[in-house]
Amino acid sequence: MPDSPHAGGPAVYRLFETDNAVGDSIVDLVIDQFTHRGSWVTHTVAVADATDLTVRLVDTGPGSHTVTVDAVSIAC
């Protein structure tokens, strides 16, 4: 998570098995950005034979907080 005072609450990271984030996400990860400010957050997700993956940060989490984005890493 970025070490930003604007990282104020939950953010939803959606993982898609396509290169353009079309269709339904395979998993939605809700991460409390305030709690994890300035640190990496690791999640393990099982994906069945995907050749393309896209991560999209959306602001549809609970409440009305500002969300921020930084680097995202996917290891297969």
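A brief structural summary.

What counts and how
Residues numbered from 1 in each chain as written. Predicted model: local features only at pLDDT ≥ 70, side-chain atom pairs only at ≥ 80, totals over all residues. Heavy atoms only, no water. Helix = DSSP H or I, 4+ residues; strand = E, 2+ residues; numbered from the N terminus. Buried < 20%, exposed > 50% of the residue type's maximum accessible area, 1.4 Å probe, protein only. Contact = heavy atoms within 4.5 Å. Areas by Shrake-Rupley, 256 points an atom, 1.4 Å probe, with all protein chains shown as cover. Pairing = 2+ DSSP bridges. Axes fitted to C-alpha atoms, helices over the stretch in contact; angles between N-to-C directions. Polar contact = N/O pair within 3.5 Å; in protein donor to acceptor, adjacent residues only side chain to side chain. Salt bridge = Lys/Arg side-chain N within 4 Å of Asp/Glu carboxyl O. Patch = residues over 30% accessible without salt bridge, like charges linked within 9 Å, V, L, I, M, F, W, Y side chains within 5 Å.

Details of the overall build of the chain
When you go through the chain residue by residue, the secondary structure sums to 0 helices and 3 strands. In terms of its C-alpha atoms, the chain occupies a principal-axis envelope of roughly 35 × 20 × 15 Å. For the chain, the residues scored as buried account for 22% of the 76 residues in total. Taking all contacts inside the chain whose residues are at least 6 apart in sequence as the whole, residues at least 24 apart take part in 65%. A total accessible area of about 5,200 Å² is found for the chain, and carbon and sulfur atoms account for 49% of it.

Considerations on the sheet that holds strand S1 (residues 10–16)
Here 3 strands make up an open sheet; going across it, the order is S2-S1-S3 and the pairing antiparallel. A single partner strand is all that each edge strand has here, and the edge strands are strand S2 (27–32) and strand S3 (54–58). Each strand axis lies, on average, 25 degrees off the axis of its neighbour in the sheet, ignoring direction. Pairing between S1 and S3: 5 bridges, direction antiparallel. Paired with Tyr13 across the bridge in S3 is Leu57.

Topic: the side chain of Thr54
With respect to the helices, strands and loops of the structure, Thr54 is situated in strand S3. Within the local environment of Thr54, its side chain forms a polar contact with the backbone oxygen of Asp19, the two atoms lying 3.5 Å apart. Ignoring any residue separated from it by four or fewer positions in sequence, one finds Thr54 in contact with Arg14, Leu15, Phe16, Thr18, Asp19, Asn20 and Ala21.

Let's talk about the pattern of salt bridges
Scanning all chains against the criterion turns up 1 salt bridge. One salt bridge in this structure joins Arg14 and Asp28, with 3.2 Å as the shortest N-O distance. In this pair, Arg14 is assigned in strand S1 and Asp28 in strand S2, connecting sequence segments 14 residues apart. When its relative accessible area of 37% is taken as the criterion, Asp28 is described as partly exposed.

Here we look at a nonpolar patch on the surface
A cluster of nonpolar side chains, contributed by Val55, Val69, Val72 and Ile74, occupies part of the molecular surface with about 310 Å² of accessible area. Relative to the assigned elements, Ile74 resides in the segment after S3. A relative accessible area of 42% means that Ile74 is categorised as partly exposed.

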